[in-house]
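Examining the three-dimensional arrangement
Given next are the chains, with one letter for each unit.
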Amino acid sequence: MELVCPAGSLPALKAAVDNGADAVYIGFRDGTNARNFPGLNFDFNEARTAVSYAHKGRARAFLAINTYPRPRQWGKWCDAVNRAAQLDVDALILSDPGLMDYCREKYPDLRLHLSVQGSATNHEAINYYVRHFGVQRVVLPRVLSLTQVRNVLKRVNVEIEVFGFGSLCVMVEGRCTLSSYVTGDSPNSSGVCSPARAVKWEETSSGRSSRLNGVLIDVYAPGEPAGYPTLCKGRFEVGGHVYYAMEEPTSLNVLDILPDLYQAGVAAIKVEGRQRSPAYVAQITRVLREAIDACISSPEKFSPRASWVEQLDKIAEGRCHTLGAYSRPWQ
């Protein structure tokens, strides 16, 4: 069971490789990837350096081109595939079927992974991508329960990757247009749900406020940790009460069910967070490397160490964790 870690910069990539990641994933510095934040990602030469460093550290390097090109953007997205094919990456992470078809025709030997943005949540959808485009791994969206993950694994003949730590998403991944109502940019086509140009922070008498394109997202009391503003994690007045109406800030953490995922046949545990710091990546990679190794060594005796949970909670959103959709006891 691989540990796949995020790398939004070369220092983050080095942190992941040096601390035991089996694979890292990167993106180009444009809207072709779903973490298109200023100051992140790689140009072609930087990506070549990153891939070389990963390979020297015996880690695989994946490259995400996982947004959906509009018709006028088609050439740019194809150019991203062409550049990636020159980099000796171990896999491309794609979501758009048109780009998959382009890869199949032009680079038939290039390994393809279906991005979580592809939103394939059942065996029929997954088998479609395998049958038509030769996809070799599928990243499942963060909306499936453990029971549903097991059922998918029983019905497909392809590697399955699941998220193990990081931000949650309550939307249908690859289909979310919520932020575009406020910012005009959809994360599915521009690569970021809260573009930096639309973010504004203000110090007010009632606290620090965050806005997206002028829309108030949250107000933080003095000393209260303030997260990057996204609509789905904002606090809004509903029915006379102000609260996290859609999603509370918390991080997914699968330590409690790691043996279940391993025994079900999950091929890889993925960490979300190409927008995170190298220190964040290093800490998560160290903890999950230890945990996965312990799980594989003796899954029936595995139990999360208190020190692992404590270290991960320190860097989790809201300083707490959840199993999210994985935990649905009624199933």
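Each remark here, short or long, concerns the structure printed above.
These remarks concern the structure in this document. (Residues numbered from 1 in each chain as written. Predicted model: local features only at pLDDT ≥ 70, side-chain atom pairs only at ≥ 80, totals over all residues. Heavy atoms only, no water.)

**Observations regarding the overall build of the protein**
Within the protein one finds 11 helices and 15 strands. Taking 2.2 N^0.38 as the reference for a compact globule, 331 residues should give roughly 20 Å; the C-alpha atoms of the protein span a radius of gyration of 19 Å, in line with that estimate. Oriented by its inertia axes, the alpha-carbon framework of the protein measures out at about 60 × 55 × 40 Å. Here the protein holds 331 residues, and 53% of them are scored as buried. Across the protein, every contact between residues at least 6 apart in sequence was considered, and the portion connecting residues at least 24 apart equals 64%. Surface exposure of the protein reaches about 14,600 Å², of which carbon and sulfur atoms provide 49%. (Helix = DSSP H or I, 4+ residues; strand = E, 2+ residues; numbered from the N terminus. Rg over C-alpha atoms; globule rule 2.2 N^0.38 Å. Buried < 20%, exposed > 50% of the residue type's maximum accessible area, 1.4 Å probe, protein only. Contact = heavy atoms within 4.5 Å. Areas by Shrake-Rupley, 256 points an atom, 1.4 Å probe, with all protein chains shown as cover.)

**Let's talk about the packing of helix α1 (residues 10-18) against helix α2 (residues 44-56)**
Close contact between α1 and α2 brings their axes to 10 Å; oriented N to C, the two are set at 10 degrees. On the basis of their axis angle, the class for α1 and α2 is roughly parallel. Of the residues in α2, those in contact with Leu10, Leu13, Lys14, Val17 and Asp18 of α1 are Thr49, Ala50, Tyr53 and Ala54. Looking at the contact of α1 with α2 residue by residue, the classes come out as six nonpolar, one polar and two charged. (Axes fitted to C-alpha atoms, helices over the stretch in contact; angles between N-to-C directions. Parallel < 35°, antiparallel > 145°, perpendicular 65-115°, else oblique. Nonpolar A, V, L, I, M, F, W, Y, C, P; charged D, E, K, R; others polar.)

**Considerations on the pairing of strand β11 (residues 235-238)**
Every regular strand shows the same layout, with side chains that alternate between the two sheet faces. Relative to strand β12 (residues 241-244), β11 is paired through four bridges, and the arrangement is antiparallel. If you follow valine 238 over to β12, its bridge partner there is histidine 241. Here β11 hands over to β12 after two residues, with glycine 239 in that stretch at a positive phi of 60 degrees. (Pairing = 2+ DSSP bridges.)

**Some remarks on the sheet that holds strand β9 (residues 207-212)**
Reading across the sheet, the three strands line up as β8-β9-β10 and stay open at both edges, with antiparallel pairing between neighbours. Each edge of the open sheet is held by one strand with a lone partner, namely β8 (199-204) and β10 (215-220). Ignoring strand direction, the axes of neighbouring strands in this sheet form an average angle of 25 degrees.

**Description of the packing of aromatic side chains**
Evaluated as defined, the whole model comprises seven aromatic pairs. Taken together, a centroid distance of 5.7 Å and an interplanar angle of 85 degrees make the contact between phenylalanine 37 and tyrosine 228 edge-to-face. With phenylalanine 37 in the loop between β2 (23-26) and α2 and tyrosine 228 in the loop between β10 and β11, this residue pair connects regions lying 191 residues apart in the sequence. Assessed through its relative accessible area of 17%, phenylalanine 37 is described here as buried. With a relative accessible area of 41%, tyrosine 228 lands in the partly exposed category. Ring centres of tryptophan 74 and tyrosine 102 lie 6.4 Å apart, and the angle between their planes is 85 degrees; on these two criteria the pair is classed as edge-to-face. One end of the pair, tryptophan 74, is in helix α3 (residues 74-85); the other, tyrosine 102, is in helix α4 (residues 97-106), and 28 residues separate them in sequence. The class for tryptophan 74 is partly exposed, based on a relative accessible area of 35%. Taken together, the ring pairs in this structure connect Tyr128, Tyr129 and Phe133 into an aromatic cluster. Residue placement shows arginine 142 over the ring face of phenylalanine 163; its charged tip is 4.2 Å from the ring centre. (Phe/Tyr/Trp six-rings, centres within 6.5 Å; stacked < 30°, edge-to-face > 60°. Lys NZ or Arg CZ within 6 Å of the ring centre and 35° of its normal.)

**Observations concerning the packing of α1 against helix α10 (residues 278-297)**
Running from N to C, α1 and α10 point in directions that differ by 15 degrees, and their axes come no closer than 8 Å. Here α1 is positioned roughly parallel relative to α10, judged by the angle of their axes. Helix-helix and strand crossings are classified by hand; for α1 and α10 the assignment is right-handed. Here Pro11, Ala12, Ala15 and Ala16 of α1 lie close against α10, whose contacting residues are Pro278, Val281, Ala282 and Thr285. Of the residues contributing to the contact of α1 with α10, the split by class is seven nonpolar, one polar and no charged. (Left-handed = near helix turned anticlockwise from the far one by under 90°.)

**Some thoughts on the nonpolar core**
Core analysis: the largest hydrophobic core is formed by 81 residues, its most contacted members being Ile65, Leu92, Ile160 and Leu258. By residue number, the principal contributor to this core is α10, which donates eight residues. Membership of the second largest hydrophobic core comes to eight residues, among which are Val4, Tyr25, Ala64 and Ala268. (Core = buried A, V, L, I, M, F, W, Y, C linked by side-chain atoms within 4.5 Å.)

Don't take any of this as a statement about function, it's just geometry.
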